[in-house]
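Letter by letter, the chains look like this.
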Amino acid sequence: MDAADISQDLTRVLFTKEQVAQRIAEIAAEIDEEYAGKDLLIIGVLNGAVMVVADLLRAMKVHCEMDWMAISSYGSGTQSSGVVRILKDLNTDIHGRHVLVVEDIIDTGLTLSYLVSNLRSREPASLEIMTLLRKPEAAENAVDVKWVGFDIPNEFVVGYGLDYAGRYRNLADIGLLAPHVYS
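Criteria and cut-off values
- Residues numbered from 1 in each chain as written.
- Predicted model: local features only at pLDDT ≥ 70, side-chain atom pairs only at ≥ 80, totals over all residues.
- Heavy atoms only, no water.
- Phe/Tyr/Trp six-rings, centres within 6.5 Å; stacked < 30°, edge-to-face > 60°.
- Helix = DSSP H or I, 4+ residues; strand = E, 2+ residues; numbered from the N terminus.
- Buried < 20%, exposed > 50% of the residue type's maximum accessible area, 1.4 Å probe, protein only.
- Lys NZ or Arg CZ within 6 Å of the ring centre and 35° of its normal.
- Pairing = 2+ DSSP bridges.
- Arc of directions from axis to C-beta.
- Contact = heavy atoms within 4.5 Å.
- Core = buried A, V, L, I, M, F, W, Y, C linked by side-chain atoms within 4.5 Å.

Visitor: Just to check I follow, could you spell out the packing of aromatic side chains for this structure?
Guide: Two aromatic rings, taken as a pair, are described by how far apart their centres are and by the angle between their planes. Within the structure shown, the criterion is met by five aromatic pairs. Arranged with centres 3.9 Å apart and planes meeting at 20 degrees, the rings of Phe 15 and Phe 150 form a pair that is stacked. With Phe 15 in strand E1 (residues 10-15) and Phe 150 in strand E7 (residues 147-151), this residue pair connects regions lying 135 residues apart in the sequence. Taken as a pair, Phe 15 and Phe 150 share a single burial class, namely buried. On the basis of an interplanar angle of 55 degrees and a centroid distance of 6.1 Å, the ring pair of Phe 156 and Tyr 182 is categorised as tilted. Highlighted residues: Phe 156 in the loop between E7 and strand E8 (157-158) and Tyr 182 in helix H4 (residues 179-182), separated in sequence by 26 residues. Directly above the aromatic system of Tyr 168 lies the positively charged group of Arg 167, at a separation of 5.3 Å from the ring centroid.

Visitor: Can you walk me through the sheet that holds E8 in this structure?
Guide: Pairing in this open sheet of three strands is antiparallel, and the strands run E1-E9-E8 from one edge to the other. Among the strands making up the open sheet, the edge pair consists of E1 and E8. Here E1 runs beside strand E9 (residues 174-177); their pairing, made up of four bridges, is antiparallel. By the bridge assignment, Phe 15 is partnered in E9 with Ile 174.

Visitor: Can you help me understand helix H2 (residues 50-59) in this one?
Guide: An α-helical segment advances 3.6 residues per turn. Residues three or four places apart therefore align on the same side. Taken as a whole, H2 has its buried residues at Val 52, Val 53 and Leu 56. Seen end-on, H2 carries its buried residues on one side only, within an arc spanning 95 degrees. Residues of H2 that are buried sit in contact with helix H1 (17-34), strand E2 (40-46), strand E3 (64-72), strand E5 (98-106) and strand E6 (126-134).

Visitor: So what exactly am I meant to see when it comes to the nonpolar core here?
Guide: Soluble globular proteins tend to pack their nonpolar side chains together in the buried interior. Residues Ile 31, Leu 56, Leu 100, Leu 132, Leu 133 and Val 157 are the most contacted members of the largest nonpolar core, which totals 31 residues. For this core, the elements supplying multiple residues, two or more each, are E1, H1, E2, H2, E5, E6, E7 and E9.

On their own, these measurements won't tell you what the molecule is for.
Structure below.
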């Protein structure tokens, strides 16, 4: 789906699919350099990071494994509920592994802060974070993020895996959702 297909639902496009692909390729090159010769495990955070992880892995040159976690603090709203729940845990033991958590978006940092604490308790060799999008104005919990695709305004975005009530994940671009859609 392209932004033109749902232009009435967006106030504007923040990043085109080409801009996203370019930035992911740049980050993939940096990750390749960082993890050359290391046993890397990529942990994608479901459901939003599916597109990011898929494109990141295709752009990377180093060998790696992947696993998935599902965590929620949103439900079907546009703001975090403040309650973090693990909906799906890892299938892989991360003890002694180099772990890279891949997120679609970080806004308050509450969910990611909880996730990082949980994963550190499992004693990985290293733990880094990559996110496609970050909302610096929304940050409530400081989380050390090694790779950020784009900083964005504190507005509700959809596309490229990000959704509103399960919709818009298949939008190829990333756009600001129009308030009339969720009000």
